[in-house]
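One-letter residues, chain by chain:
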Amino acid sequence: RSSDLSNCVYPHYGKNVIFFGWNGVLIVFEYLLSQFYFVRKIRTKLPNIIITAMVLITALPIGHLFTGDWVAAGYYEQIQMAFPMFII
């Protein structure tokens, strides 16, 4: 049995709550803003893929809160290149 603790990962609790809480705030903002005329006009003019990209752009800046501990623990070690993480 090894007493080397250098490879241990200690999780930081609460980051998932922050991530999903932020996404909840985005859903509320989307609901509130959808009542304005210019937002309804944008929704009819832009393709759905652009609207989806705009929603994802608002959630991605804090995506590392959800995946960071898993990457640090080596959970994605074999497929880490398939899940790029942008650190700002």
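As a reminder, the structure under discussion sits directly above these lines.
On a predicted model such as this, the values are computed, not experimentally measured, just so you know. Here the residue numbering is sequential within each chain, running from 1 through the sequence in written order. Note on the predicted model: pLDDT of at least 70 is required for a residue's local features to be given, and 80 or more for side-chain atom pairs to be given and counted; whole-chain, interface and lining totals, by contrast, use all residues. Hydrogen atoms and water are omitted, and side-chain values are computed over all heavy atoms in the structure.

### Brief notes about the environment of F19
Secondary structure counts use DSSP, requiring at least four H or I residues in a row for a helix and at least two E residues in a row for a strand, with both numbered from the N terminus. Structurally, the position occupied by F19 is in helix α1 (residues 15-33). In this structure the C-alpha to C-alpha distance between F19 and L60, which are 41 residues apart in sequence, comes to 9.7 Å.

### A few points about the packing of α1 against helix α4 (residues 64-72)
It is at 8 Å that the axes of α1 and α4 come closest, and there the two elements cross at 150°. As judged from the angle between their axes, α1 and α4 are roughly antiparallel. Note on element contacts: α4 touches α1 through L65, F66 and D69, opposite K15, N16, I18, F19 and F20. Within the contact of α1 with α4, the residues separate by chemical class into five nonpolar, one polar and two charged. Every axis corresponds to a line fitted to the C-alpha atoms, with the helix fit spanning only the stretch in contact, and the corresponding angles, defined between N-to-C directions, vary from 0 to 180 degrees. Oblique is the label for any angle not covered by the other classes, which are roughly parallel (under 35 degrees), roughly antiparallel (over 145) and roughly perpendicular (65 to 115). We call two residues in contact when some of their heavy atoms are within 4.5 Å. Basically, the charged four are Asp, Glu, Lys and Arg, the nonpolar ten are Ala, Val, Leu, Ile, Met, Phe, Trp, Tyr, Cys and Pro, and anything else, Gly included, counts as polar.

### Brief notes about the packing of aromatic side chains
Any Phe, Tyr or Trp ring, taking Trp's six-membered ring, that has another such ring centre within 6.5 Å forms a pair; planes under 30 degrees apart are called stacked, those over 60 apart edge-to-face, and the others tilted. Throughout the structure, instances matching the rule amount to two aromatic pairs. A ring pair is formed by F19 and F20, whose centres lie 5.1 Å apart and whose planes are at 75°; its orientation type is edge-to-face. Burial here depends on accessible area, computed with a 1.4 Å probe over protein chains only, as a share of the maximum for the residue type. Under 20% is buried, over 50% is exposed, and the range in between is partly exposed. Under the relative-accessibility criterion, F20 is labelled partly exposed at 48%. Summarising the aromatic geometry, the rings of F36 and F38 are spaced 6.0 Å apart at their centres and angled 25° between planes, so their arrangement reads as stacked.

### Some thoughts on the side chain of S34
Locating S34 in the fold gives a position in the loop between α1 and α2 (37-45). Residues contacting S34, with those up to four places away along its chain left out, are V39, R40 and R43.

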